[in-house]
Every structure is written in structure tokens, then in C-alpha cells.
Amino acid sequence: AIAYQIYPRSFYDANGDGVGDLRGIIEKLDYLQELGIDVVWICPVYKSPMDDNGYDISDYYQIDPQFGTNEDMDELLAKAKEKGIKIIMDLVLNHCSDEHPWFQKALADPDCEEAEYFYFRRGENGQLPNNWRSMFGGPAWEPVGDGRYYLHIFGKKQPDLNWENPKLRRKLYDMINYWQDKGVAGFRLDAIIHIKKDPTLASREPEADGMCGLLECCKNYPGIGDFLMEMRHETFDRTDCMTVAEAPGVPYEQYGEYVGENGYFSMMFDFTYTEIYAGWASTWKDYKKVGEWTVPEFRDMLFRSQTEIQKVGWGAVYLENHDYPRALDKYIPKEDHGYASATMLATLYFLLRGTPFIYQGQELGMANCPWNSAEEFNDISTLNQYNLVQQAGCTPKEAVQVVGEYSRDNARTPFPWDDGPNAGFTTGKPWLKVNPSYTTVNAAAERQDPHSVLAYYKKLVALRKDPATSGPLGYGTITPCL
Ligand code: NOJ
């Protein structure tokens, strides 16, 4: 199957409020069908205060009104099915929103059942419970005013859920089953690698800022497999469900447990070669520009990923997602951006072993967006980094350039449907800046042009599906020749 990732806020706005929505996706199903897409992963559309654009869920059972209604979701599932397209939803199970009723109850009553669904701890002598650093920068603990702190390894409005609590786990499984029963074909599992924490919550060796990263304390922490296997048995095994895990940091030796024959998931994203530039979660100082890593280094990572994963199971191959700058900017010097480089990257990963994921706009050859001021940013992690960069001595102008290059907002600008107002994305005011490249890089223009990046992607998709080539391309083994 060929998968396509939709960032719903930015895909297509059907009601003119400036934010993409489910009806927008319904209206554009023909586009996806024409491209040859079998599976669509939609980033979170559940009810949310949108502090992290939907990765902070306040009601797992409701579609957020910005995106539409539960009926719209039913209609999307039905219409997609008519076109042979399956829908997979994002599952955010490591944390919820601080506006979720569970957390609100836990705030009001430290002794209630829901208080056990989170990690509340008291700080000693005005100290935080430990020195863990949140993925978005700053300490991973937030005080609630009564002497307690809660753990949030992402934003402050994303309290971590306590998977050690069986009642909480049951509630999460019931929710997964609810969406499965509605006809959702599978799930992408957000930040799933973090659900098991070191139970002692002990501090680690401090780095320069006095805090420590999360690698040793809650990334693939021993015992996580018990939770993941239980979840599989209680949920995914009920249907022929496709699961793809966001699980950076799993060593290849352990891939079999995750995606082997009896693994927790159907496949997972490998972050090694897509984060060769250091990744969105690292501090801005670690970012490597094109030229600071070498092509042989990249090749070796890619081949290692391929050969290790094929020993045990199946992978998802991809270059872009909503957390990265655009692939062209990650991998190609600016002066070489264009048809040749965009199609080279497409060929490179489409002929690998694994299920290819296309991230919206990648098939048009979109590159990063030029950013002129911090007001243009929306992403919580970009804004955090923007402040950190200034604390380190950059002027505001320099800070915009430094974080703009790697900002997640680069991938989140509205999808350019045509060269009309707002790139045809909305009749209202778009929630995020439109990439000015839309005058030439847009779906309408590329559909007309047999030599466009879009036309090339269509050929690649067709090649993976053509019975003459789909055998080796789909199920063959890969042997590096270099
Ligand atoms: C990974 C998601 O892809 C990212 O967008 C989000 O901010 C974090 N997980 C937290 O849910």
C-alpha cells in the first residue's frame, strides 16, 4: 500500500474559517485517489485546545469543532471506503490535555481515582521532583499550586498519562476499540516509546543547563513491552488493523519485538536517516546543515536501516512529516532545489523496502517557507526554541532565521491547491502563512504538467502497484551494492 499523511489544519478548508477540516479532506479524496493512495494517516482531529495542534487531547471520543463533527468523520470513512482508501487515525496515548476532565478532576481532588492517571509528585524543599528536561525545552515538571507538580515530557498543557495504572489503560483500550468499531483501519501511535517511565523517577547526570535528556529515563524503558503487547491483544488484534509507531530510539537489535512476526506493531518509522540533521526535538545548537554530514554517511544509515529491519519485519519508509523541515531543505543545498532533486529524493525512498509514506505537499516538491518574524510562527516547540536562542545571545532577527530553518511550521503551511488567493486553501484568513512558492508549486499547475514533481510521484506510485514490478518492489529483499 502507499500511504499519505494529512496535517488536517493545513490540507483544505471547506468552511472558510482559515483552518483545514474533515469536509475539506472529503472534498479532496479524488486528488488522493488520482495519486494512487491506499491509506491516509490523519494527524489528530480529536477535541483539543490545540496547544500542540491536536496532540493535546481533551476528549478522545469527539472530533474537534474546528475540524468538524463525528458525523463528518463517519462520512469521511464511508466516502474514502467507496474509493478504496483506508483511514488511519493518530493515537496520542502518552499524554492528554490539561483540559481533559481526568486532569481537571485530578487537580481538584488529589485523592480521586483520576489523580492516579497522571504523575503527580511533591518537590522537596522547593525543588522540582527531578531534573528531566521536556522535549520542547525547559523542565518536565509544572507546579499546580498545592505543593504538587505533574510530569509533562512535552508541553505544559500535555500532562503524561500513568500507564502503570490498569484502570487508565482499560479506558485507553476502550477508546481505541470505539474508533476501530467505527471503521478506522488502523493507527499511527504518537510518542508511544515514552509510555513507560523509570519507576523511581530518579534524576540523571545533569548537562550544562542542570537538566538531563529523556533517553535513559523514559524512552523504550525496560518493561514497555508488557504494555505494548497488552494493548495489541486488547485492541489491534480485534481487526485486521494497520499500526505504525512513532518509536525513535529503539535499537535495531530490538526491532523484532516491535515489528517482527509477533511484534507490537505492523511497522514503525525509523528516525535515524530522517534526522541526520538532528531532529526537531534536539536543541538548535545540534542542528547540522546540509554539508555538515556527508552523503556516504547518509547512505550507510539508510542501508543499515533497510538491512536491519528486513531481518525481522517490516518498515515504513518516509522522508518528511509534520515535525520536520521539508526534505529538500534537509538534504539538498538550496541552489540545487528543483525538479531534479525533488524527484531524486522521491526515487531514493520509493524504491526501498517498506510502506512508503508521502507527506502532504512533498509530492509537489514543496520546500521550506521563508520566515520574516516570530509572529509568523505557530508551533509551540519553534516558539520555545526561539526564546532559548535569544537567551543564548542571538538578536530576535537572527533567532527567526536560526529556528525558521528547522521549524516544524515549514511542513505545516497550507497545502497549495492552485495559484489563486491563499493558494486555494481557504476563502478565509489562513491560520498559518502560505508558502510564497504557491504561484508555481501548486497542485493545479502540476496536474496539467506531465513533467512535474507530482506527475513523477504518480509514476512511482504506479510502478509500486504494477503487477510486473510490485513483486520485487513490494516484497523483494534489498542488497546494498556500494
Ligand atoms: C510527536 C508528534 O508527531 C508531534 O507533532 C507532537 O508534538 C509530539 N509527538 C507530542 O505529542
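One can find the structure itself at the top, above this paragraph.
Here's a quick rundown of the structure. (Residues numbered from 1 in each chain as written. Predicted model: local features only at pLDDT ≥ 70, side-chain atom pairs only at ≥ 80, totals over all residues. Heavy atoms only, no water.)

Observations concerning the site of the ligand
Phase 1: As a structural note, the neighbourhood of the ligand is formed by D52, Y55, H95, F136, F154, R188, D190, E246, H322, D323, R408 and R412.
Phase 2: For the ligand, an oxygen atom lies 2.5 Å from a polar atom in the side chain of D52.
Phase 3: At 3.0 Å, a side-chain N or O of R188 approaches an oxygen atom of the ligand.
Phase 4: Burial of the ligand by the protein chains amounts to 100% of its free accessible area of 290 Å². (Near = heavy atom within 4 Å. Polar contact = N/O pair within 3.5 Å; in protein donor to acceptor, adjacent residues only side chain to side chain. Areas by Shrake-Rupley, 256 points an atom, 1.4 Å probe, with all protein chains shown as cover.)

Observations regarding the packing of helix α5 (residues 166-181) against helix α7 (residues 224-234)
Phase 1: Between α5 and α7, the shortest axis-to-axis distance is 10 Å and the interhelical angle comes to 40°. The angle between α5 and α7 places the two elements in the oblique class. Here α5 runs over α7; the crossing is right-handed. On α7, the residues touching R169, R170, Y173, I176 and N177 of α5 are F227, E230, M231 and E234. (Axes fitted to C-alpha atoms, helices over the stretch in contact; angles between N-to-C directions. Helix = DSSP H or I, 4+ residues; strand = E, 2+ residues; numbered from the N terminus. Parallel < 35°, antiparallel > 145°, perpendicular 65-115°, else oblique. Left-handed = near helix turned anticlockwise from the far one by under 90°. Contact = heavy atoms within 4.5 Å.)

Observations regarding the sheet that holds strand β7 (residues 141-143)
Phase 1: Across the sheet, three strands lie side by side as β6-β8-β7; this open sheet has antiparallel pairing. Among the strands making up the open sheet, the edge pair consists of β6 (120-122) and β7. Ignoring which end each strand starts from, the neighbouring axes of this sheet average 35° apart.
Phase 2: The sheet contact formed by β6 and strand β8 (residues 148-151) spans three bridges and is antiparallel. Looking across to β8, one finds that F120 is bridged to Y150. (Pairing = 2+ DSSP bridges.)

Some words on the pattern of salt bridges
Phase 1: Per the counting criterion, the structure on display carries 39 salt bridges.
Phase 2: Close ionic contact of E34 with K458 constitutes a salt bridge, the shortest N to O distance being 2.8 Å. With E34 in helix α2 (residues 29-35) and K458 in helix α16 (residues 453-465), this residue pair connects regions lying 424 residues apart in the sequence.
Phase 3: When the shortest N-O distance is used, the salt bridge between D209 and R133 registers 2.9 Å. With D209 in the loop between β9 (186-190) and α6 (215-218) and R133 in the loop between β6 and β7, this pair connects stretches of sequence that are 76 residues apart.
Phase 4: Each of the salt bridges in this network shares a partner with another, and the network as a whole consists of D52, D323, D379, R408 and R412. (Salt bridge = Lys/Arg side-chain N within 4 Å of Asp/Glu carboxyl O.)

Describing the sheet that holds strand β11 (residues 267-269)
Phase 1: Strands sit in the order β1-β2-β5-β9-β10-β11-β12-β13 around a closed barrel of eight strands; the barrel is parallel. Across the sheet, the mean angle from the axis of one strand to that of its neighbour is 30°, orientation sign disregarded.
Phase 2: Across three bridges, strand β10 (residues 242-246) lies against β11 in parallel orientation. Residue pairing in the sheet places V244 in a bridge with M267 of β11.
Phase 3: Contacts from helix α3 (residues 70-82) reach β2 (39-42) and β5 (86-92), with the element oriented near 140° to β5.

Quick word on the pairing of strand β13 (residues 355-359)
Phase 1: Along β13, five of the five residues are buried, which leaves the element largely enclosed by surrounding structure.
Phase 2: Relative to β13, strand β12 (residues 315-317) is paired through two bridges, and the arrangement is parallel. By the bridge assignment for β13, V317 is matched with P356. (Buried < 20%, exposed > 50% of the residue type's maximum accessible area, 1.4 Å probe, protein only.)

With respect to empty space enclosed by the protein
Phase 1: One pass over the structure, following the stated rule, counts five cavities of 30 Å³ or more.
Phase 2: Computed from the structure, the second largest cavity encloses a volume of approximately 80 Å³.
Phase 3: Lining the second largest cavity are L319, E320, A327, L328, A342, L345, Q362, G365, M366 and Y457.
Phase 4: Looking at the lining of the second largest cavity, the elements that each hand over two or more residues are α10 (327-331) and α11 (339-350).
Phase 5: Of the residues that constitute the lining of the second largest cavity, the class distribution is seven nonpolar, two polar and one charged. (1 Å grid on protein atoms, 1.4 Å probe; cavity = no way out; pocket = protein on both sides within 12 Å on 5 of 7 lines; lining within 4 Å. Points joined across faces, edges and corners; volume = space filled by probe spheres on them. Nonpolar A, V, L, I, M, F, W, Y, C, P; charged D, E, K, R; others polar.)

Remarks on the side chain of D21
Phase 1: Mapping D21 onto the fold places it in the loop between β1 (3-6) and α1 (22-27).
Phase 2: Buried and without a salt bridge, D21 has R23 as its closest oppositely charged side chain, separated by 7.1 Å.
Phase 3: A polar side-chain atom of D21 sits 3.1 Å from the main-chain amide nitrogen of A14.
Phase 4: A distance of 3.4 Å separates a polar atom in the side chain of D21 from the backbone nitrogen of N15. (Lys, Arg positive; Asp, Glu negative; His and termini not counted.)

Quick word on α11
Phase 1: For α11, which comprises twelve residues, the first-to-last C-alpha distance of 16 Å matches the rise-based estimate of 16 Å (1.5 Å per residue) to within 8%.
Phase 2: When we look at burial in α11, the residues that qualify are S341, A342, T343, L345, A346, Y349 and F350. (Expected span 1.5 Å × (residues − 1).)

Points about α3
Phase 1: Taking 1.5 Å as the rise per residue, α3 with 13 residues should run 18 Å; its terminal C-alpha atoms sit 19 Å apart, in good agreement.
Phase 2: Those residues of α3 lying buried are N70, D72, M73, L76, L77 and A80. Looking down the long axis of α3, one finds its buried residues gathered within 155° of arc, a one-sided arrangement. Facing away from the buried side of α3 by more than 90 degrees, the exposed set consists of E71 and E82. (Arc of directions from axis to C-beta.)

Quick notes on the environment of E164
Phase 1: Checked against the element boundaries, E164 lands in the loop between β8 and α5.
Phase 2: Overall, the relative accessible area of 36% leaves E164 in the partly exposed class.
Phase 3: Through-space distance from the C-alpha of E164 to that of S48 is 24 Å; in sequence the pair is 116 residues apart.
Phase 4: The contacts of E164, once residues within four sequence positions are left out, are Y119, R169, K196 and F227.
Phase 5: There is a polar contact of 3.0 Å between the side chain of E164 and the side chain of K196.

Everything listed here is a matter of geometry and, on its own, says nothing about what the molecule does.
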